[in-house]
Amino acid sequence: MNKVILSFITFMALFCSIAEAQNVKKSLNECIGMALNKNPAIKADVLSVERSKVLERTAFDIGNTDITLNQDPTSGGGPDNSLSIGQKFGLPVVYRSQKKLLKAKTGLESRSLDLSKNELLKDVHTAYFRLLYLFEYKKILLKQDTLYKTFLHIATAKVEAGESNVLERINAEKLYNENKLVLDNASKDISSTQIYLQSLIYSDELIEPSEPQLFLLASPLSRLDVQNTPTNRIWQAQNEINEQNLKVTKNGYLPSFSLAFNYQMLIKGFNPYNIDRQRFKKGDFTGLSIGVSLPLVLGAQKAKTKAAWHDLEITKLKQEADNTNRARTYDSYLNDLLKSKNSLEYYDETGMRQADKIINVSQLAYEKGGINYIEYIQNLKTALEISLQHIAVMNDYNQSVIQLNYLQGYENK
């Protein structure tokens, strides 16, 4: 009785562990939503944008106010005993330029967030459609496994009936075992891709695509719209920063100002020399001073301005080179897409129908002795190879679309 109970508990534990290991089916959009909401790198970029917006409020920063208390113990009730309040500040254009520069930096952080999202979307699409391809690939291998198992059964029966030699059965076993090995490797590839997708979307469970079979993505634009790519918007944001930085640097040629107000203040208890420290009878001494700081030596300022101008030109040249390279890369993927499209037309219109016909005719002919086992094996390999090539072309097509959408930007596809 105890053995029965122990066996039951063991079975239930095994059943629960298998149930827990089952995959959770998710659509592509569900995976994308999880990735955007849970990915810590995206969250960090969102905080960077918020941080940059907060820093915009630091544009009007005139510095600390100077407060000075001056008490001269050798002076009577004169202006040497005073409280002074002073402040330095620049022209309004200085603070407006700083505000625009900080806004430009916020723009760059926002574009960097868009670029990170675009990169993440590409990775999720790549992993998801690779999973779709691998599951379809495994289906074909399972179909092939059934065919080879049938072939092995027939070959074994023929050997036992004396209608064939042992070599036929050995070849059948070889094909069956080799396909088992490929099938096992395919399962491992699926697991690896699931783990990768799981890391992208921060899921607690392994994901299986909810779509029943591999499908084709919609074709993207025929030409790259360079101006609306995420990377070009990064360059535009950097150019805006450089332009505003140049204006801020030129503000170094402008004067700055200082304003101070002095008010007579006597501390009666502080009189170590017993000097008459009575206030002036006609009222307290007050004073006002205004100062201007002028940049008289301009060598360093000219160098800073020239360097800021070079930063602007360098970024524009890098932008031009990067856009040219991306346009070429886009055209290359587009060419790959067109090649895959031509191949798909062949498989959809002719290839797959021929594969099904080859399998059905060969199966019947071999069972009735119309063809020998060598011809049968070759026909099976030919038919199944067509199916594998078909889904491989579908995968190539989708991966090309993913790269094209990435280069253009998923929000612009």
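None of these values were measured; they are calculated from a predicted model.

Asker: Mind showing me how you'd approach the overall build of the protein chain here?
Answerer: A count of helical and extended segments in the protein chain gives 8 helices and 6 strands. For a compact globule of 413 residues, the expected C-alpha radius of gyration is about 22 Å, and the protein chain comes in at 39 Å, more than 25% above that figure. Expressed along its principal axes, the backbone C-alpha trace of the protein chain runs to roughly 140 × 70 × 30 Å. Residues counted as buried form 36% of the 413 residues belonging to the protein chain. Across the protein chain, the fraction of contacts at a sequence separation of at least 24, relative to all contacts at a separation of at least 6, is 84%. Here the protein chain displays about 24,500 Å² of accessible surface, and carbon together with sulfur accounts for 56% of that area.

Asker: Whenever I open this one, the pattern of salt bridges confuses me. Can you help?
Answerer: Here the idea is simple: oppositely charged side chains can pair when their charged atoms come close. Counting across every chain of the model gives 11 salt bridges. Between K122 and D123 there is a salt bridge, with the nearest N and O atoms lying 4.0 Å from each other. R326 is the partner of D322 in a salt bridge, and the nearest nitrogen-oxygen pair spans 3.1 Å. Of this pair, D322 and R326 both sit in helix 7 (residues 299-367), 4 residues apart, roughly one helical turn. Relative accessible area serves as the criterion here: at 22%, R326 is assigned to the partly exposed category.

Asker: Which parts of the structure should I look at to understand the packing of helix 2 (residues 28-38) against helix 5 (residues 166-201)?
Answerer: Where helix 2 contacts helix 5, the axes come no closer than 7 Å and their chain directions differ by 50 degrees. With respect to helix 5, the element helix 2 is oriented oblique. Mapping the contact onto sequence places C31, M34, A35 and K38 in helix 2 and L197, L200 and I201 in helix 5. Class assignment for the residues of the contact of helix 2 with helix 5 results in 6 nonpolar, no polar and 1 charged.

Asker: Could you clarify how one ought to interpret the packing of aromatic side chains in this entry?
Answerer: In this description, a pair of aromatic rings is defined by centroid distance and the angle of the planes. Under the criterion given, the structure shown has 6 aromatic pairs. Measuring from centroid to centroid gives 6.1 Å for Y128 and F129, while their planes differ by 70 degrees, and the two rings are edge-to-face. Relative to F215, the ring of F129 lies with its centre 5.1 Å away and its plane at 65 degrees, an arrangement referred to as edge-to-face. Residue F129 is found in helix 4 (residues 92-160), and its partner F215 is found in the loop between strand 4 (207-209) and helix 6 (230-250); the two are separated by 86 residues along the sequence. On the basis of relative accessible area, F215 is assigned to the partly exposed category, the value being 30%. Taken together, the aromatic side chains of Y128, F129 and F215 make up a single cluster linked through ring pairs.

Asker: Help me understand helix 7 in this model?
Answerer: For an α-helix the count is 3.6 residues per turn, leaving residues at separations of three or four pointing the same way. Taking 1.5 Å per residue as the helical rise, helix 7 with its 69 residues ought to reach 102 Å, and the 96 Å between its terminal C-alpha atoms agrees with that figure. When the local axis directions of helix 7 are compared, the greatest deviation, roughly 50 degrees, occurs at Y347. Immediately downstream of helix 7, the backbone of G369 shows phi near 85 degrees, a positive value.

Asker: Looking at this model, I keep getting lost on the sheet that holds strand 5 (residues 256-264). Mind explaining?
Answerer: By way of backbone hydrogen bonds, the strands of a sheet pair with one another, either parallel or antiparallel. Pairing in this open sheet of 4 strands is antiparallel, and the strands run 2-3-5-6 from one edge to the other. Each edge of the sheet is formed by a strand with only one pairing partner; in this case those strands are strand 2 (66-70) and strand 6 (286-293). Across the sheet, the axes of successive neighbouring strands diverge by a mean angle of 15 degrees, strand direction being ignored. Examined bridge by bridge, strand 2 and strand 3 (residues 82-90) share 5 bridges and lie antiparallel to one another. Each bridged residue has a counterpart across the sheet, and for L69 the counterpart in strand 3 is L83.

Asker: Just to check I follow, could you spell out the nonpolar core for this structure?
Answerer: Within soluble globular proteins, side chains that are nonpolar tend to cluster in buried spots. Counting 63 residues, the largest nonpolar core has V124, F151, L197, I201 and Y366 as its most contacted members. If you list the elements that add at least two residues to this core, you get helix 2, helix 3 (40-55), helix 4, helix 5, helix 7 and helix 8 (373-408). At 18 residues, helix 4 tops the list of elements feeding residues into this core.

Asker: Even after reading the chapter, I still don't get the environment of K316, so can you show me in this structure?
Answerer: Along the polypeptide, K316 turns up in helix 7. Placed 82 residues apart in sequence, K316 and N398 show a C-alpha to C-alpha distance of 34 Å.

Asker: Sorry if this is basic, but what is going on with the environment of D184 here?
Answerer: Mapping D184 onto the fold places it in helix 5. Since its relative accessible area comes to 37%, D184 is described here as partly exposed. Distance in space between the C-alpha atoms of D184 and K138 is 9.2 Å, their sequence separation being 46 residues. For D184, the side chain forms a polar contact with the side chain of K188, separated by 2.6 Å.

Asker: Please clarify how the side chain of N232 should be interpreted in this entry.
Answerer: Residue position: N232 is located in helix 6. One polar contact links N232 to Q319, side chain to side chain, over a distance of 2.8 Å. Excluding residues that lie within four positions of it along the chain, N232 makes contacts with V226, Q227, Q319 and N323.

Asker: It is not clear to me how the packing of helix 4 against helix 7 should be interpreted in this structure. Could you clarify?
Answerer: In a pair of packed helices, the angle between the axes and the distance between the axes together describe the arrangement. Closest axis-to-axis distance for the helix 4/helix 7 pair is 12 Å, and the angle between their directions is 15 degrees. In terms of axis orientation, helix 4 runs roughly parallel to helix 7. Relative to helix 7, helix 4 is oriented so that their crossing is left-handed. In contact with K143, L147, T150, F151, I154, A155 and K158 of helix 4, helix 7 contributes D356, I359, Q363, Y366 and E367. Split by residue class, the contact of helix 4 with helix 7 holds 6 nonpolar, 2 polar and 4 charged.

Parameters and conventions
Residues numbered from 1 in each chain as written. Predicted model: local features only at pLDDT ≥ 70, side-chain atom pairs only at ≥ 80, totals over all residues. Heavy atoms only, no water. Helix = DSSP H or I, 4+ residues; strand = E, 2+ residues; numbered from the N terminus. Rg over C-alpha atoms; globule rule 2.2 N^0.38 Å. Buried < 20%, exposed > 50% of the residue type's maximum accessible area, 1.4 Å probe, protein only. Contact = heavy atoms within 4.5 Å. Areas by Shrake-Rupley, 256 points an atom, 1.4 Å probe, with all protein chains shown as cover. Salt bridge = Lys/Arg side-chain N within 4 Å of Asp/Glu carboxyl O. Axes fitted to C-alpha atoms, helices over the stretch in contact; angles between N-to-C directions. Parallel < 35°, antiparallel > 145°, perpendicular 65-115°, else oblique. Nonpolar A, V, L, I, M, F, W, Y, C, P; charged D, E, K, R; others polar. Phe/Tyr/Trp six-rings, centres within 6.5 Å; stacked < 30°, edge-to-face > 60°. Expected span 1.5 Å × (residues − 1). Bend = angle between axes of the 7 residues up to and from the residue. Pairing = 2+ DSSP bridges. Core = buried A, V, L, I, M, F, W, Y, C linked by side-chain atoms within 4.5 Å. Polar contact = N/O pair within 3.5 Å; in protein donor to acceptor, adjacent residues only side chain to side chain. Left-handed = near helix turned anticlockwise from the far one by under 90°.

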